[in-house]
Amino acid sequence: MRTNLKRFLQKDFNSWWMISIIGAAVILLPILFIFFSLFQEPNENWFQIREYLLKTYVANTVILVLLTGIFTAILGVSLAWLVAAYDFPLKRFFRWGLLLPLAIPPYIAAYTYKTMFSYTGVIQTTLRNQFNYQIDPEILSISSLRGAIFIFTFFLFPYVYIMTKAFLESQSSSFFENARLLGRKPISIFVKVVLPLSRPAIVAGAVLVIYEVLSDYGVTSYFGIHTISTAIFQTWFGMYDIDSAMRLAAWLMVIILGMFILERLLRQRRRYHLNNKSRPLVPMKLKGFKAAAAFAYCSIVFLIGFLIPLIQLIAWAKLTFSKVWDETFITLFFQTIFVAAIATVLILFLSVVVANVCRRHTTGSYILAKLTTTGYSIPGAIIAIGVLAMFITLDKWLAPLYSYIGLGDAPLILSLSLVMLIVGYVIRFMATGFNAVEVGYEKIGTKFSEASRLLGFGMTKTFFKVDLPLIKGALVSGFILTFVEICKELPLALLLRPFNFDTLATKTHQYAKDELIHEASISSLMIIGISILSVVVFQMIDKKVQR
Amino acid sequence: MKVVEIQNLTFSYSRSASPTIDDFSFSMNTGEIVGVLGQSGSGKSTLLRLISGLEMPKKGSITIAGKPVVNDRLFVQPEDRGVGMVFQDYALFPHMTVKENILFGLSRMAKKDRKPRVKEMLELVQMEDFGDRYPHELSGGQQQRVALARALAPKPKVLLMDEPFSNLDADLKESIREDLLLILKKANMTCMIVTHDRNDVEAICNYSITMCPLIAEQGAAGEKFQTL
C-alpha cells in the first residue's frame, strides 16, 4: 500500500495537482460553512421564519422553477426544431438571433417590461392617447408570479434552444426520414421522435434555466415575490441575522443537491442515444402559410425577447443621457471591467490547471472537476453567505497578525475588501471557464503533450510550449463567456461588494429600486452591449462546429 | 547488452477490469528491432505506453539501459526515461515547422549542437528541403519521416513505434518500410514496432512477439505468450 502510494506520488503528485487541490478547497469551503450551519442551534428568528414564512418561500420557489422550466422547454425545443429541420424566410438570421435574449439579463427585462406596462408606460399611454381606450391596469400588471414566469421564459429559453438545436443538428436524418416513411405527419414526428430523442439536451438546458431562476434576486425582489433567494437577502439586510440567512441557504442547497442528483441520473440516459452523424438532418423548405407561420413565430419571440426591450431602453437612454451620463459612469464602467477581468483571469488560471490535471480520466480527477465546478449550480446568495462566513472566520484567525502590524484589535480587513467579491465570482463562475478550457483540451487530445513528455519536457514546459498555443482559441472564448457572466451578475455583487463600490449591475438595480427606470437604461444598455459579446462567441463556436 | 528488460508486468485500465497485460516478461538487446503483433485490444499499444511511462503498471518492473524506470517503489516520469516514440498519427505539433518539431526534443543538448543535429536528422530522413514547412503541408509519408526524425533526434535508448504504417497507402507502405529499416540501421537504434501486419514484421524486424487478448472468463488462467 505504502509503496503504491509512493509510486503514485512520484507519477502524479506535482505542483499542478497541488494548485488544483487548493483551488477546490477554496471553492468548497464556503459551501461547507453553510452545511455546518444546519448543525448549529437555531435562534428565535429562525423559528418565526420556519413557522410563518418558509412555506410561502418554498412554494413560490417551486412554482417559479417548475413553470419556468416547462415554458422554456416548450419555447426552446419548438424553436430549435423549426430552425434545425426547416427552411423559412430569415431562418439564417433566427439561428443566432434567437440567442440574443440571453444578452438581456432578466432583471433588466423585468424593469423594462414593468415600466412599459405601467400606467405611464408606452402601452397604456398609446392605448389612451391614440385609441382612447382605458384598459384595466390589473390585466397588464406583471408584478406577480405570472409576470416573473413570463420574464424568465422569454429571456432564459435560449439555454434550452441552443442545447437542443446543437443536439438535433448532430443527429442523423435517418430517424426523421424513417418516421416520415412510416407515415407520420410533422407534428407526430415532433412529439413521438424529436422530443424523446432530445430529452437529454432539453433536460440539460432546462437545468441551466432552473439554476438561473433559483439564483435570481433581481426579478423576484423587484416584483415583490418571496422566494428562498429573496428571503436570504431580507434576513441578512432586513433582520441582520446572518445565522438564519445561512440556515435558509442550507435549505436551498438541499433542494439544489436533489436537483443535481436528478440531473446526473437523467443525463446518464444520454449514453443510450445513438449519435450517428453519417447523414445530418437536411432542412425541409417550407412554403406559403407554413413558411409565414414559422417566420411569425420566430419573429414574435425575437421581438418580445430582444428587440422591444432594446428599443425601449434606447428611447429612455436618449431621454436621460444628458442627465445621467457623467464621469462617474465611466468610473463605474471601468470598475466593472476591472473586477470582472481579475476574477476571469483567476478563473482561467485555475481552469487551465485543473482541466490539465483532469485530462487523465481517473476517479480522483473526476471528483476534482466536479468539486471545482459546483459553484455554477449554487445561487449567488448562498455563495455570498458562505464566502462572508469564511472571510469573517479568516479575519478572526488573522486578528493577532492585524494587531501585530498595527491595524488595531480585531478589525475586519478581508471581509470588507474587494477580495471577497472576487472570490465569490471565482466560485460562482468557475464552471463557465472550466468547461471552455476542457473543450479545448478535449479537442487536441493527449497525443501532443505525450509526445512532448517523451521528448524530455515536464508537465509545465509542455503546457507552455505545446498545450497553450493549441488551446488559445478555447481560452479566448472561455475568457469572454466568463467575463460577460461576471459583468451581468447581480446578487453576489450586491451582497459582497465593499462599501461605496458599484458595478454596472448594482447601479442598474439601485436606479430600478429607486423607481428611476429611465435613468437605469444607460447602464442596462452597457451591460447588454457587453453581453452581446458572448452571443457572438456562441455564434462563432456554432459556425466552427458546422464547418 | 540488454536495453529493455520487463519482468512480470501486469496492467489493467480500471481496478475492476480484467488485466490488459498479465504477468508479462520480455527483454531486448541493443540494435534489435522487435515487432509486436496481436489483435485489437490485446495490449500492444499499452505495452508501449507502459515502457514509455505514459501509464503505470499494477505490478512488475521495467528497466531501460540498466536503469530501473518502474517497479514496486519507483516511477520515473516519461521525460526522464530516454525513450523515443512515433505515435500512430505522428502527433507532430501543428503550430511548429518541421525544423521546430525536431528542435523541440533537443532542449537538453548543448545549444551549439542543436542546429547541426536537426540538419543531420533531416538528412537522415531525406527531408532537407522541407524544414520550413508546417505538418499540414506534408504528405502522410513525409509526416511519418519527420515524426521519426523528431523521435531519433534526442538519441533515445530505445525507439517505440505504434502502428507506424497504419495511415499510409499500400504502395507507399512498401517503399517506406525499406527506408525505415535503413534509417534504423544507420542510427543503430533499438526499436519496438507495434503492428497488426505480419508483412511489416517480415520486412523490418529481427523477430516478433505476439500478444493475445485475455479471455475474461478464464481470469488468471489466461496467459500472454511470445513467439520468437
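Summarised in this report is the structure supplied together with it. (Residues numbered from 1 in each chain as written. Chains lettered and ligands numbered in written order. Predicted model: local features only at pLDDT ≥ 70, side-chain atom pairs only at ≥ 80, totals over all residues. Heavy atoms only, no water.)

With that out of the way, let us pick up helix H1 (residues 44-52) of chain B. Residues and elements named next belong to chain B. Counting buried residues in H1 gives 8 out of 9 residues, a clear majority hidden from the surface. Looking at H1, one finds that the buried residues are Lys44, Thr46, Leu47, Leu48, Arg49, Leu50, Ile51 and Ser52. With its phi angle positive at about 95 degrees, Gly53 sits one or two positions after the end of H1. (Buried < 20%, exposed > 50% of the residue type's maximum accessible area, 1.4 Å probe, protein only. Helix = DSSP H or I, 4+ residues; strand = E, 2+ residues; numbered from the N terminus.)

All names here are of chain A. Here the structure, examined in full by the defined rule, presents 4 cavities of 30 Å³ or more. In this structure, the largest cavity occupies an estimated 320 Å³ of space. What lines the largest cavity is a set of 22 residues, among which Pro106, Tyr107, Glu212, Lys488 and Glu489 lie closest to the centre. Among the elements of the structure, helix H5 (106-117), helix H8 (145-156), helix H12 (199-215), helix H20 (418-444) and helix H22 (459-488) are those that each provide at least two residues to the lining of the largest cavity. Looking at the lining of the largest cavity element by element, the count peaks at 3 residues for H8. In terms of residue class, the lining of the largest cavity is made up of 14 nonpolar, 2 polar and 6 charged. The computed volume of the second largest cavity comes to approximately 50 Å³. Elements with a minimum of two residues in the lining of the second largest cavity: helix H3 (44-85), H12 and helix H14 (228-238). (1 Å grid on protein atoms, 1.4 Å probe; cavity = no way out; pocket = protein on both sides within 12 Å on 5 of 7 lines; lining within 4 Å. Points joined across faces, edges and corners; volume = space filled by probe spheres on them. Nonpolar A, V, L, I, M, F, W, Y, C, P; charged D, E, K, R; others polar.)

All names here are of chain A. Two elements in contact, H20 and H22, have axes separated by 8 Å at closest approach and are oriented at 140 degrees. H22 is crossed by H20, and the crossing has right-handed handedness. Residue-level inspection shows Tyr425, Phe429, Thr432, Gly433, Ala436, Val437, Gly440, Tyr441 and Ile444 of H20 in contact with H22, the latter providing Phe463, Asp467, Leu470, Ile471, Ala474, Leu475, Gly478, Leu481, Thr482, Glu485 and Ile486. For the contact of H20 with H22, a count of residues per class yields 13 nonpolar, 5 polar and 2 charged. (Axes fitted to C-alpha atoms, helices over the stretch in contact; angles between N-to-C directions. Left-handed = near helix turned anticlockwise from the far one by under 90°. Contact = heavy atoms within 4.5 Å.)

Residues and elements named next belong to chain B. A sheet is described by the order of its strands in space; here 5 strands give the open sequence E6-E7-E8-E3-E9, paired in parallel fashion. The two strands at the open ends of the sheet, each matched to only one other strand, are strand E6 (83-86) and strand E9 (207-211). Taken pair by pair, the neighbouring strands of this sheet meet at an average axis angle of 20 degrees, ignoring direction. Of the pairings in the sheet, the one linking strand E3 (residues 33-38) to E9 comprises 5 bridges and is parallel in character. Residue pairing across strands places Gly38 opposite Met211, the latter belonging to E9. The sheet contacts of helix H4 (residues 140-152) involve E6 and strand E7 (158-162), and relative to E6 the element is tilted by about 175 degrees. (Pairing = 2+ DSSP bridges.)

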